[in-house]
Amino acid sequence: MERSRVLLVDAAPGALLGRELERLLGHGLAVTLNLRRVADGAGARAGWGGRVDFTDFDPFDEAALLAETVRDGLGHHAVKSRAGVPLRAAFLAGATRPGPAHPLRVIGRAGAGTDHVELAAAARHGVTVTHTPGSDADAVAEFALAQLLALTRGLRSYDEAAHRGEWRAATAPPEELSELTLGIVGPGRIGLALAGRASALGMEVQAFSRRPATTSAPAAPDLAPASASARDLTSASASAPDLASASASAPDLTPAPASARDLAPESTPQPTPTPTPTSAPGPAPRPNRSLPDLLATSDVVSLHLPLTPETRGLIGRAELALMRPGAILLNTAWGGIVDEQALADALRDPAHPLAAAAVDTFEHEHAAFASPLFGLPNALLTPHVAGMTRTAMVTAALRCADHIAALLAGRPEGIPVVTA
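Cut-off values and rules
- Within any chain, residue numbers begin from 1 and follow the written order of that chain's sequence.
- Where local features are concerned, this predicted model is filtered to residues with pLDDT of at least 70; where side-chain atom pairs are given and counted, the filter is 80 or more; whole-chain, interface and lining totals use all residues.
- Computation of side-chain values: all heavy atoms of the structure, hydrogens and water removed.
- Buried means the residue's accessible area, taken with a 1.4 Å probe over protein chains only, is under 20% of the maximum for its type, while exposed means over 50%, and partly exposed covers the values in between.
- Secondary structure counts use DSSP, requiring at least four H or I residues in a row for a helix and at least two E residues in a row for a strand, with both numbered from the N terminus.
- Being paired, for any two strands, means DSSP has found at least two bridges between them.
- Place the viewer so that the strands point away; then a crossover is right-handed whenever the path from the first strand over the helix to the second strand goes clockwise.
- Note on contacts: a residue pair qualifies if any of its non-hydrogen atoms lie within 4.5 Å across the two residues.
- Whenever a helix is involved, its axis is fitted only over the stretch in contact; in every case the axis is a line through C-alpha atoms, and angles between N-to-C directions fall within 0 to 180 degrees.
- Centres within 6.5 Å are what make two rings of Phe, Tyr or Trp a pair, Trp counting through its six-membered ring; a difference in plane orientation under 30 degrees is then read as stacked, over 60 as edge-to-face, and the rest as tilted.

*Asks:* Describe the pairing of strand 8 (residues 204-208), with residues and values.
*Replies:* Within strand 8, 4 of the 5 residues are buried, leaving the element largely enclosed by the surrounding structure. Direction of pairing for strand 7 (residues 181-185) relative to strand 8: parallel, over a ladder of 5 bridges. Across the sheet, Gly183 pairs through a bridge with Gln206, a residue of strand 8. Tracing the backbone out of strand 7, into helix 8 (residues 189-200) and back to the parallel element strand 8 gives a crossover that is right-handed. Note that strand 8 and strand 9 (residues 286-287) share 2 bridges and pair parallel. What sits directly across from Gln206, in strand 9, is Arg286.

Listed below in structure tokens is the structure:
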């Protein structure tokens, strides 16, 4: 029986690559690995030649991506990505057109967000889109807490002054966390994970949800290789508000630093269990049914929503003007939820109630990265790295491999699927 073909557009980095490849091969899939974003391409070729096919192209070049997907008239049954490579209508039409022996059937995202996929077009062309909600819940929650601490204590300004040889004392001592209120917009898995951590540090926490609230949602359990039963290949991912992710600490399954040995295949596939988060520590946040009221009564506001037509531009000029004097805004969710120009204007205005913001996600990212927030001293900017811990990335990669294998094998029960 011919094996299903999977194009690995951007593989897990470093030593995680070997674990991802073993998982896919363990499911009996034929893998084509794109080397463009693999740090040690020569090592990957040496270690995996004969078991994996190779290619090398820029995944953000739509024409190159389509050409590789349908290369030699063979096509690929599935495409897997992790960095939000745009998969728009033209690509989907070309990858599913008559001609290739294996038209595209599945798109897998090693991560929660699927805004990079034109979902309506995927549905029209019969392509199923799966993702890994919950895989980066702890990582993003920890990162948001780091943003909160950095801005409430002014760490960046002290660091910059110290590097200039200046001994700068605090002109206005900041409040402690126990004196501050955290407002969470989107109390799903990530929001609840942050709420538990903030509560443990003494913060009062309130939350606004656009949907009926739940206090926790378990992440999908690990899935066994293809030889396992259909029951083992199901995921018990309960629906959580705003597609945010489940929380709490998970066992450390991180590998050693990458080396040539790490890139070589193991003699026998050894699937690695993925962490299973538990419920968020600490009490549930106090519900607030009004977004304007949450903005007006929180010292720090943290966003944890998916990007949808309903949430695009959710935080604009009017909403920013409602915030408490001296407030801080955190966005580890998705670019487009916040009007970046309105945010930049607010941060430039010394009379505006918003004092600072930390932004990890932008309207334009990767090669198109640009933002009106550039150069603002009260804007802490990072390049969409909140969820990029080793544990989160291996969890996402292995879970995504399991989801793709289950869908290609006709076992969709329990697999998270995103529709338009």
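*Asks:* Could you give an account of the sheet that holds strand 11 (residues 327-331), naming the residues involved and the relevant values?
*Replies:* Within the open sheet, the 7 strands sit side by side as 9-8-7-10-11-12-13. Their pairing is parallel. What marks the edges here is a single partner per strand, and that holds for strand 9 and strand 13 (379-381). Here helix 8 sits on the sheet in contact with strand 7, strand 8 and strand 10 (300-303), set at roughly 175° to strand 7. The strands that helix 12 (residues 340-348) touches are strand 11, strand 12 (354-359) and strand 13; relative to strand 12, the one it contacts most, it runs at about 135°.

*Asks:* Please set out the packing of aromatic side chains residue by residue, giving values where relevant.
*Replies:* Centre distance and the angle of the planes are the two values used to describe a pair of aromatic rings. Tallying each qualifying case throughout the model produces 2 aromatic pairs. Summarising the aromatic geometry, the rings of Phe362 and Phe369 are spaced 5.0 Å apart at their centres and angled 65° between planes, so their arrangement reads as edge-to-face. Judged by centre distance (5.0 Å) and plane angle (75°), the ring pair of Phe369 and Phe374 falls under edge-to-face. Judged by its relative accessible area of 40%, Phe374 is partly exposed. One aromatic cluster in this structure is built from Phe362, Phe369 and Phe374.

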